[in-house]
Amino acid sequence: MPRYTAPVKDMQFVLHDVLNTTTAGIPGYDELEPEFTAAVLEEAGKICSDLLQPLNSVGDQEGCTLENGIVRTPTGFKAAFDQVKEGGWPGLDMPEQYGGQNMPYLLGTAVGEMFSASNQAFTMYQGLTHGAASAILAHGTEEQKDKYLPKMVSCEWTGTMNLTEPHCGTDLGLMRTKAAPQEDGSYKITGQKIFISAGDHDMADNIIHLVLAKIEGGPAGIKGVSLFIVPKVNVNDDGSLGARNGVSVGSIEEKMGIHGNSTCVMNYDEATGYLLGDEHKGMRAMFTMMNEARLGVGMQGVSQADAAYQNAVDYAKDRLQGRAVTGVENPDGPADPLIVHPDIRRSLMDQKSFTEGGRAFLLWGATMIDAAHRANDKDADGLVSLLTPVIKGFLTDKGYDMTVQAQQIYGGHGYIEEHGMSQYTRDARIAMIYEGANGVQALDLVGRKLAQDGGKHVMAFFEMVKNYIKENSGQDEAFDRDFIEPLKAASKDLQAAGMYFMQNGMKNPNHALAGSNDFMHMFGHVCLGLMWARMGKASLDALAGGASDATFYETKLATGRYYMARQLPATAMHLTRIQSGADTVMALDAANF
């Protein structure tokens, strides 16, 4: 059976050696002392390893069932959810006013990675609730906040987001769900939504659905979309539960993975709903939830890769297969362990360098969200907006690839359910699709985010990388060779791609859009290259300062050198593809495919 150990030490390294949290100047960060964060992460790690990880395969094998209109979750899920609620984990970074602990989003992100790695399907129930609560917090009236948030923050009530309909996915302007105004200020919501994660279950007393719908007589297309709070059970003015609302589950989707999460077809039959935010401004309110969700999905890419990697390492060390070409490594056994073979090492180093680099990227992104929300830092808000499609798209594409590589380490046993490795691959696959498919993320990056605010934020990113290179060059010859020069080359590739889009995209937009996926991946590699340069510098500084655990920092340097030498040069390949333009991509008529 698979196992999971929370990477507390690695997270502590990123938080304190790389991001220097306590001196970052973000309100609340001065309280994130190493002893405090270690205590929180270690406690979360125990819950993940001891409680949630053993239920991961149970959820995969049993799935959810629909009985008489009620969704039943897998064995052990409800008891585990109660325990997680009792520990206050769902409200870790939510406001104290509504029962949360008001810790920074940064710490919530670190804990969230552990929860997702140990049991992604389970963690989605509280993760979606967090997103829905954030939308109400940002756009709700004081009455709505007081009515819904305390029980959502505690997860006594959970939440969902309802966007997709059978005939429209990304193009939400095509939606048909209607909202009819009522004399008392409420609305009657009628329509059907599909792919609704955690749409119904037996672990909470109520479910607060956030539903996109069109108010009758409103503008056509996406401009006519509004967002509504639609409880499963109506909530009385005193906060008690009233009558069941006109919300029902049509069916549970049969999925490739995340079987332990109830992905539902939701039917709304004149259900009572309440406008959240302004009329016809539903997408603005929904994006509060979706941007947070996209960062959370990027986290899922890293978390599944890490969980799969941990088990692949165990197997590579234990499984005896063949002999090392340089000489026998295990003379007392019939063969050497898999890990002696260079191609196995390559695969494991791919996984290790991605996972650790991706974790640093995520936590860095979380600091920008904290800076934006806690310090009203507009530059941080702009930069994380630029990087959101990269975090979501690149980390989930590569995270899935890493789970495949981990499965491959097992050979035929990786394809057999007994070893549990296929679950990581199947669970990771959805992260490339939901919360905006990765192709759409790439289009958003190139088509919208690069030009946002006159290109201010992408230029700020380039300046940040340039300044880092300038400030850290010339101090150590090996560091320059192994980290600075590869980062400089990759950054130049990224800038050259941006220049190509500027010079050719206006003449023919297809030249930009045909290269969008390559650009997203190129951008992701540069971000991980920057993270590895920062981690490499922090490791050198720690060793120079006489760090007690020299092996940890030496391992970090070796892993970083691998990424810079073997992964970061992919930017040159992506640049070549981008500069080839759209002609070959668009050469065939549709009839010739």
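Placed above this text is the structure.
Below is a summary of the structure that appears in this document. Source: prediction; values computed, not measured.

Further remarks concern the pairing of strand β6 (residues 206-215). Within β6, 10 of the 10 residues are buried, leaving the element largely enclosed by the surrounding structure. As judged from the 6 bridges shared by strand β3 (residues 157-162) and β6, these two strands associate in the parallel manner. The residue bridging Gly159 from the neighbouring strand is Ile208, located in β6. Across 2 bridges, strand β4 (residues 178-181) lies against β6 in parallel orientation.

Another point: the state of the cysteines. Within this structure, the stated rule accounts for 0 disulfides. In this structure Cys48 is not part of a disulfide, and its nearest cysteine sulfur, from Cys155, lies 15 Å away.

Aromatic ring pairs are reported here in terms of the distance separating the ring centres and the angle at which the planes meet. Per the stated rule, a full pass over the model turns up 15 aromatic pairs. Judged by centre distance (6.2 Å) and plane angle (65°), the ring pair of Phe461 and Phe462 falls under edge-to-face. Of the two residues examined, Phe461 and Phe462, each falls in the buried class. Geometrically, the ring pair formed by Phe552 and Tyr553 is edge-to-face, given 5.2 Å between the ring centres and 90° between the ring planes. Note on accessibility: Phe552 and Tyr553 belong to one class, buried. Here the aromatic residues Phe461, Phe462, Tyr500, Phe501, Phe519 and Phe523 are joined through ring pairs into a cluster of three or more. One Lys or Arg, Lys147, reaches over the ring of Tyr274 and ends 5.7 Å from the middle of that ring. One Lys or Arg, Arg429, reaches over the ring of Tyr400 and ends 5.6 Å from the middle of that ring.

The next point concerns helix α17 (residues 570-579). For α17, the set of buried residues is Ala570, Thr571, His574, Leu575 and Ile578. One face of α17 carries all of its buried residues, which in axial projection span an arc of 140°. Next to the buried residues of α17 lie α13 (477-504), α15 (516-544) and α16 (550-567). Within two residues after α17, Gly581 carries a phi angle of roughly 75°, on the positive side.

For any two helices packed against each other, one specifies the crossing angle of their axes together with the interaxial distance. One can describe the packing of helix α8 (residues 342-375) onto α16 by two numbers: an axis separation of 9 Å at closest approach and a directional angle of 105°. One finds that α8 runs roughly perpendicular with respect to α16. Along its contact with α8, which presents Arg346, Met349, Asp350, Lys352, Ser353 and Glu356, the element α16 presents Thr555, Lys556, Ala558, Thr559, Tyr562, Tyr563, Arg566 and Gln567. Grouping the constituent residues of the contact of α8 with α16 by class yields 4 nonpolar, 4 polar and 6 charged.

Interhelical geometry of α13 versus α15 gives an angle of 155° and a closest axis separation of 10 Å. Relative to α15, the element α13 lies roughly antiparallel. Where α13 crosses over α15, the two elements pack in a sense that is left-handed. Contact residues: α13 offers Phe479, Phe483, Leu487, Ala490, Ser491, Asp493, Leu494, Ala497, Gly498 and Phe501, while α15 offers Phe519, Met522, Phe523, Val526, Gly529, Leu530, Trp532, Ala533, Gly536, Lys537 and Leu540. Partitioning the contact of α13 with α15 into residue classes produces 15 nonpolar, 4 polar and 2 charged.

A word on the side chain of Gln12. As for its placement among the helices and strands, Gln12 is situated in helix α1 (residues 8-18). Judged by its relative accessible area of 14%, Gln12 is buried. Polar side-chain contacts of Gln12 include one of 3.0 Å to the backbone oxygen of Pro34. Those residues in contact with Gln12 that sit more than four places away from it in its chain are Asp17, Pro34, Thr37, Ala38 and Leu41.

A contiguous patch of negative charge on the surface is contributed by Asp30, Glu31, Glu33 and Glu35. Along the polypeptide, Asp30 turns up in the loop between α1 and α2 (34-62).

Moving on: empty space enclosed by the protein. All told, the structure shown has 4 cavities of 30 Å³ or more when counted by the stated rule. Of the pockets and cavities examined, the largest cavity occupies roughly 620 Å³. Considering the residues around the largest cavity, the lining is formed by 33 residues, among which Gly127, His130, Glu292, Gly296 and Met299 are closest to the centre. Where the lining of the largest cavity is concerned, the elements lending two or more residues are α4 (105-118), α5 (120-139), α7 (282-318) and α8. Ranked by residues supplied to the lining of the largest cavity, first place goes to α7 with 8 residues. When its residues are assigned to classes, the lining of the largest cavity shows 18 nonpolar, 12 polar and 3 charged.

Let us now look at the pattern of salt bridges. According to the stated counting rule, one finds 29 salt bridges in the structure shown. In this structure, the salt-bridge partner of Arg426 is Asp60, at a minimum N-O distance of 2.8 Å. Remark: Asp60 occurs in helix α2 and Arg426 occurs in helix α10 (residues 421-429); sequence separation between them is 366 residues. Here Arg426 and Asp60 have matching classes, each one buried.

Along the chain, the position of Asn472 falls in helix α12 (residues 456-472). For Asn472, a relative accessible area of 11% puts it in the buried group. Discounting chain neighbours no more than four positions away, the residues touching Asn472 are Phe479, Asp480, Ile484 and Lys537.

Before going further, it helps to examine α10. Most of α10 is tucked away: 8 of the 9 residues are buried. Inspection of α10 places Met421, Ser422, Gln423, Tyr424, Thr425, Arg426, Asp427 and Ala428 among the buried residues, and these make up the whole buried set.

It is worth spelling out the environment of Ala496 at this point. Mapped onto the elements of the fold, Ala496 is located in helix α13. Ala496 sits in the partly exposed class, given a relative accessible area of 26%. For the pair Ala496 and Leu575, spaced 79 residues apart in the sequence, the C-alpha separation amounts to 7.6 Å. Apart from the residues lying within four places of it in its own chain, the contact partners of Ala496 are Leu575 and Gln579.

Procedures and definitions
- Residues numbered from 1 in each chain as written.
- Predicted model: local features only at pLDDT ≥ 70, side-chain atom pairs only at ≥ 80, totals over all residues.
- Heavy atoms only, no water.
- Buried < 20%, exposed > 50% of the residue type's maximum accessible area, 1.4 Å probe, protein only.
- Helix = DSSP H or I, 4+ residues; strand = E, 2+ residues; numbered from the N terminus.
- Pairing = 2+ DSSP bridges.
- Disulfide = S-S within 2.5 Å.
- Phe/Tyr/Trp six-rings, centres within 6.5 Å; stacked < 30°, edge-to-face > 60°.
- Lys NZ or Arg CZ within 6 Å of the ring centre and 35° of its normal.
- Arc of directions from axis to C-beta.
- Contact = heavy atoms within 4.5 Å.
- Axes fitted to C-alpha atoms, helices over the stretch in contact; angles between N-to-C directions.
- Parallel < 35°, antiparallel > 145°, perpendicular 65-115°, else oblique.
- Nonpolar A, V, L, I, M, F, W, Y, C, P; charged D, E, K, R; others polar.
- Left-handed = near helix turned anticlockwise from the far one by under 90°.
- Polar contact = N/O pair within 3.5 Å; in protein donor to acceptor, adjacent residues only side chain to side chain.
- Patch = residues over 30% accessible without salt bridge, like charges linked within 9 Å, V, L, I, M, F, W, Y side chains within 5 Å.
- Areas by Shrake-Rupley, 256 points an atom, 1.4 Å probe, with all protein chains shown as cover.
- Salt bridge = Lys/Arg side-chain N within 4 Å of Asp/Glu carboxyl O.
- Lys, Arg positive; Asp, Glu negative; His and termini not counted.
- Charge placed at Lys NZ, Arg CZ, Asp CG, Glu CD.
- 1 Å grid on protein atoms, 1.4 Å probe; cavity = no way out; pocket = protein on both sides within 12 Å on 5 of 7 lines; lining within 4 Å.
- Points joined across faces, edges and corners; volume = space filled by probe spheres on them.

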